[in-house]
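Observations on the model geometry
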Amino acid sequence: MAKLTDHLKVLGFFCSLILFTEVFNFQRCLAQKTQPVETQLTQGWIVTSGQGMPRGRSSLPTDPIELAIIQDRLRMPDPKEDSSQSAEGLNPWKKFNADEQGGFAGRELFGGVLAVRIEVPDSGIWLLDAQGHSSVRIDGVQRVGDVYSNGSVEIPVELNAGENWLLFSSGRGRIAAKLKKPAKSVYLSLRDTTFPTVLRDQPGEWLGSLLVVNASNQILDGLCIVATADGCEPTRLDVPSIPPLSLRKVPVKLLTTASSSNALQAGDLTVKIQLERKATLSTSESELLDQLDVPWPVGSSGQMHRRTFISQIDGSVQYYGVVPPKEGTFKADRAPAMILTLHGAGVEGQGQAAVYAPKDNTYVIAPTNRRNFGFDWEDWGRWDGLEVFEQAQSRFKTDPKRTYLTGHSMGGHGTWHIGTLFPDRFAAIGPSAGWVSFASYAGRGASNLQDPVSQLLRRPLGASDTLARVSNLKNQGVYILHGDADDNVPVDQARTMREELSKFHPDWVYKEQPGAGHWWGNQCCDWPAMIDFFYSHELPDSTQVNTIRFATPGPHVSSECHWFTLGCQQKIAELSTIELDRDRQSNKITAKTTNIESWGIRLAKLLSVDTKLPVSLNLQIDGQELVIEDINTLDQTVWLDKTSDRWQQRSASRVPSRDAAHYGVFKEAFRNRFMLVYGTAGDVSENQWMLGKARYDAETFWYRGNGSVDCWSDQQYLAIAQKDPASLADRNVILYGNETINQAWKDLLKDSPVHVQRGAWGKSGPESIHESATVLLVRPKTQGHGLVAAIGGTDLQSMRASNKLPIFSSGTGYPDVLVLSPEYLKTGVEAVRWAGFFGSDWSIERGEWLP
């Protein structure tokens, strides 16, 4: 009887346990079922600093709210109160509800931070779909924003069980946000795509790109993209590595053949794009993760279309618009001309191309500035324009002597900017409604401090100073077009350039259209008189050029003009000028230089192919006579170096330390298929920052520059460097953290005289300075070609302070080295501890440093 009683007790216990488990599971399932699929964020709190939005562009923006955040002084709002304390020196939090459409709007947003509280029952991954903000922090981790509200930003984020705070930094106005659970942990997205026009009459490879989203906590590797379509050959491309909780725009390839013509009769072609996990040793077959049917536009080469290419800036797929010559106007005996046209803010290359009617024997080519807002045709926008220029010139075999540059609004500024930097590439330029520079237009009212440190920090911005090199335009035709009622870009911008040109220029036209505003139809781009003006100009052959007047901010931006090339400057990133006059009778070249340490004469550009060799050159450089004898080949550059105030010919054995290939300054490291490498050897918070900052920079360059950047851990980088070093040889690298916590640091910056470690930094010696310091640094690679840059600091606070530095914004710049206290967010330039440029040999001793 006792045994039976014991059995009944045990049975009762298990029944109770089963009942409890079922009730618990039911309640959990009920909670999951009742949890909303999508949550609109409609209640928030706003905090402001009281200083408002700063005017103009600043490389060291002050932001008291950001300083409070990185110092962990910012208290979150009290959800029960309409107003509560934030941090000392800041206004209190104010309750701020969304409008009827679910968005937050009001003047309070400008210069402020919007805090939104969200509670979830379980930790997990969500998708944040938000617009109108410049960035967002989720429990301290910074993520990219959608400042232009184009709807492309839906990012995976991790929320903790219970309370979570999202801090939205203001952008251009209204902020709207919602959260939802992802249907898959890895998937394809069409929120941002780049596709070409597939041409019926030109079979071949066609490159496009779309987003792959990694909504997991793991690094995503080992995937591929498969593309198939009716009448086309199937293709397969590897998907590059994607960091945890991130997204990346990846390439997809379509292959058409002569037999594809039937499938290309319609206006578009449906392409099946599949995302697969590749087979491994343990899995014999690939795994399908996601697939989409995507229409690609179809056209013919005689119609306006889009071309794509792989950019050497970051390996991403970019496009440009093409307006082919008018039918029947090709000439067998004359290569077609090219008009490179630059779009305004908010427009894209395709939209810019669409305003032009086809021209006789002329290709109209419209690059994208990397995005419709992009970089104001400076920085990566400038490089995009030049990449497209070279792509189109190679593909369409255009006449380099009949190449012209024009653009509208922001593109008008780009015309001034690129035209003055590369005067030997364009026979004539035609800015329409263009602004001159940030200082004259977007930077009005910005700080212009004249202390030595501020002046040094402005030197990397030399490319933005159009007026400093307006004399470069002397041998180009210039046609200025502007409406006198322009309320967007005031007509004084055009009148300023008219006044400047009138001082020296023999060949320019000024057209001010009465009563015309900013946009007055297609003709404000496709202006017949301007096009006719272009056709009346041709570039001379460089061998026929006897006089060169050239000013440049440095070889890192523009190094060549006809037969002149700049090697290195005496003062890095300060304006350099050269005046060259050639006497053909005596074969003498007279040169007058300013801020030049080395320069060269490109013989193939100087002497015609029928020049009898050997030949000698008689030079007079800054009053010094020099003879270059026994020149036996034109396939070389004669280099001249200045040593102890004397010019001499460079010996064949001397390899310069600092030249255009790896010159610096800091932002120039973000080129040459650059990669981002974050550390994994720190503590939890340090590792979280390094991954978060690298991911944020990759996302920002994607959003602002249509980019696709390799973002690797230090362990990934070192493994590839050991296995396949050749694949990294000529690529630039960006490091995050410091040498203590990033294992790739010592490998890539082992020869750097500037060191940064946990708790201290130092320069050229064993002594260290123990302080909280944010550091930006650029150095040449010790192996291969290219640059290594570093973004980091001596502690967590100083590393976090680098988040606010607007690296991917035009109108900003940084020297080779910048060391500053996190207090720069409050005091600006006063917080600079040390800054400057290495010398021409990349040494500290020959460099310039302040304070």
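Residues numbered from 1 in each chain as written. Predicted model: local features only at pLDDT ≥ 70, side-chain atom pairs only at ≥ 80, totals over all residues. Heavy atoms only, no water.

1. A word on the overall build of the protein
Check the secondary structure of the protein and you find 14 helices and 49 strands. Against the globule reference of 29 Å for 851 residues, the protein gives a C-alpha radius of gyration of 30 Å, in line with a compact fold. In terms of its C-alpha atoms, the protein occupies a principal-axis envelope of roughly 130 × 75 × 60 Å. Relative to its 851 residues, the protein shows a buried fraction of 56%. Residue pairs in contact within the protein that sit at least 24 positions apart in sequence constitute 71% of those at least 6 positions apart. Accessible surface, the protein as shown: approximately 35,400 Å² in total, 49% of it carbon and sulfur. (Helix = DSSP H or I, 4+ residues; strand = E, 2+ residues; numbered from the N terminus. Rg over C-alpha atoms; globule rule 2.2 N^0.38 Å. Buried < 20%, exposed > 50% of the residue type's maximum accessible area, 1.4 Å probe, protein only. Contact = heavy atoms within 4.5 Å. Areas by Shrake-Rupley, 256 points an atom, 1.4 Å probe, with all protein chains shown as cover.)

2. A closer look at the nonpolar core
Core analysis: the biggest nonpolar cluster contains 115 residues, and Ile 365, Phe 670, Leu 676 and Leu 735 have the highest contact counts within it. By residue number, the principal contributor to this core is helix α4 (residues 380-396), which donates 7 residues. Ignoring sequence-local partners within four residues, the contact set of Leu 735 consists of Val 677, Asn 742, Ala 744, Trp 745, Leu 748, Leu 749, Val 788, Ala 789, Ala 790 and Ile 791. Counting 33 residues, the second-largest nonpolar core is a separate cluster that includes Trp 126, Ile 175, Val 213 and Tyr 703. (Core = buried A, V, L, I, M, F, W, Y, C linked by side-chain atoms within 4.5 Å.)

3. A short note on the pairing of strand β27 (residues 428-432)
With 5 of 5 residues buried, β27 lies mostly within the body of the structure. Taking every second residue as pointing to the same face, both faces of β27 are buried, with Ala 428, Gly 430 and Ser 432 on one and Ile 429 and Pro 431 on the other. The parallel pair strand β26 (residues 403-408) and β27 is bridged by helix α5 (residues 410-421), and the resulting crossover is right-handed. Examined bridge by bridge, β27 and strand β28 (residues 477-483) share 3 bridges and lie parallel to one another. Bridge pairing links Ala 428 to Gly 477 in β28. (Right-handed = clockwise from strand over helix to strand, strands pointing away. Pairing = 2+ DSSP bridges.)

4. As for the sheet that holds strand β17 (residues 232-233)
The strand order across the open sheet formed by 4 strands is β13-β15-β19-β17, and the pairing between neighbours is antiparallel. Looking at the sheet topology across the chains shown, the edges are occupied by β13 (186-194) and β17. Where strand β15 (residues 205-214) meets strand β19 (residues 246-256), 10 bridges bridge the pair, whose relative direction is antiparallel. When the bridges of β19 are listed, Leu 210 appears paired with Val 250.

5. Notes on the state of the cysteines
In a disulfide, the sulfur atoms of two cysteines are held together by a covalent bond. Under the counting rule described, the total for this entry stands at 0 disulfides. Not part of a disulfide, Cys 568 finds its nearest cysteine sulfur in Cys 561, a span of 19 Å. (Disulfide = S-S within 2.5 Å.)

6. Things to note about the sheet that holds strand β42 (residues 733-737)
Read across the sheet, 8 strands follow the order β41-β40-β42-β46-β45-β47-β48-β49 without closing on themselves; strand pairing throughout is mixed. Each end of this open sheet is capped by a strand with a single partner; those strands are β41 (710-713) and β49 (848-850). The mean inter-strand angle of the sheet, taken between neighbouring strand axes irrespective of direction, is 15 degrees. Against the sheet, helix α10 (residues 684-705) makes contact with β40 (675-678), β41, β42 and β46 (787-793), and its axis sits at roughly 145 degrees relative to β42, the strand it touches most. The sheet strands contacting helix α11 (residues 714-723) are β40, β41 and β42, and the helix crosses β41 at an angle near 95 degrees. (Axes fitted to C-alpha atoms, helices over the stretch in contact; angles between N-to-C directions.)

7. Section: the pattern of salt bridges
Evaluation of the coordinates by the stated rule reveals 46 salt bridges. As a salt-bridge pair, Asp 82 and Lys 95 come within 3.9 Å of each other at their nearest N and O atoms. Separated by 13 residues along the polypeptide, Asp 82 in the loop between α2 (64-70) and β3 (83-84) and Lys 95 in strand β4 (residues 93-97) bring together distant segments of the chain. A relative accessible area of 52% places Asp 82 in the exposed class. Because the salt bridges share partners, they merge into one network encompassing Asp 129, Glu 154, Lys 180 and Arg 191. (Salt bridge = Lys/Arg side-chain N within 4 Å of Asp/Glu carboxyl O.)

8. Quick word on the side chain of Glu 154
As for its position among the elements, Glu 154 is in strand β10 (residues 154-159). Its relative accessible area of 7% is what places Glu 154 among the buried residues. Looking at Glu 154, its side chain comes within polar contact range of the side chain of Lys 180, at 3.2 Å. Side chain to side chain, Glu 154 and Arg 191 meet in a polar contact 3.2 Å long. The residues touching Glu 154, leaving out its near neighbours within four places in the chain, are Leu 127, Leu 128, Asp 129, Lys 180, Tyr 187, Arg 191 and Leu 247. (Polar contact = N/O pair within 3.5 Å; in protein donor to acceptor, adjacent residues only side chain to side chain.)

9. As for the environment of Ala 392
Inspection of the secondary structure assignment puts Ala 392 in helix α4. Not counting residues up to four positions away in its chain, the partners in contact with Ala 392 are Tyr 320, Met 338, Ile 365, Lys 397 and Thr 398.

10. A look at unusual backbone geometry
In this chain, Gly 664 is followed by Val 665 through a cis amide linkage whose omega measures 0 degrees. Along the chain, Val 665 turns up in the loop between β39 (646-649) and β40. The amide bond that connects Leu 850 to the next residue, Pro 851, takes the cis arrangement and shows omega of -10 degrees. Positionally, Pro 851 belongs in the segment after β49.

11. A few points about the confidence of the model for the protein
The pLDDT averaged across the protein works out to 93; a share of 95% of its residues lies at or above 70. For residues 1-36, every residue scores under 50 in pLDDT, and the model assigns this stretch 3 contacts once sequence neighbours within four places are set aside. (pLDDT = per-residue confidence, 0-100.)

12. Quick look at the pairing of β15
For β15, the buried fraction is high: 9 of the 10 residues fall into the buried class. As defined by bridge partners, β13 adjoins β15 across 5 bridges and the pair is classed as antiparallel. Paired with Tyr 187 across the bridge in β15 is Val 213.

13. Some remarks on the packing of aromatic side chains
This model, assessed by the stated rule, comprises 32 aromatic pairs. Centroid distance Phe 375 to Phe 701: 6.3 Å. Interplanar angle 25 degrees. Geometry classified as stacked. Placement of Phe 375 in the loop between β25 (362-366) and α4 and of Phe 701 in helix α10 is noted, with a sequence separation of 326 residues between them. Each of the two residues, Phe 375 as well as Phe 701, counts as buried. Arranged with centres 5.7 Å apart and planes meeting at 45 degrees, the rings of Phe 838 and Trp 842 form a pair that is tilted. Exposure class is identical for Phe 838 and Trp 842. Each is buried. The rings of Phe 375, Trp 380, Phe 666, Phe 670, Phe 674, Phe 701, Phe 808 and Tyr 814 are connected pair by pair, giving a single aromatic cluster. The ring of Phe 373 has Arg 172 sitting right over it, with the charged end atom 5.2 Å from the ring centre. Lying over the aromatic face of Tyr 319, Arg 306 brings its terminal NZ or CZ to 3.7 Å of the ring centre. (Phe/Tyr/Trp six-rings, centres within 6.5 Å; stacked < 30°, edge-to-face > 60°. Lys NZ or Arg CZ within 6 Å of the ring centre and 35° of its normal.)

14. A closer look at the environment of Asn 632
In this structure, Asn 632 sits in the loop between β37 (624-631) and β38 (637-643). Asn 632 gets classed as exposed once you look at its relative accessible area, which sits at 55%. With 69 residues separating them along the chain, Asn 632 and Phe 701 place their C-alpha atoms 47 Å apart. If we skip the residues at most four places from it in the chain, Asn 632 touches Leu 613 and Pro 614. Separated by 3.3 Å, the side chain of Asn 632 and the backbone oxygen of Asp 630 make a polar contact.

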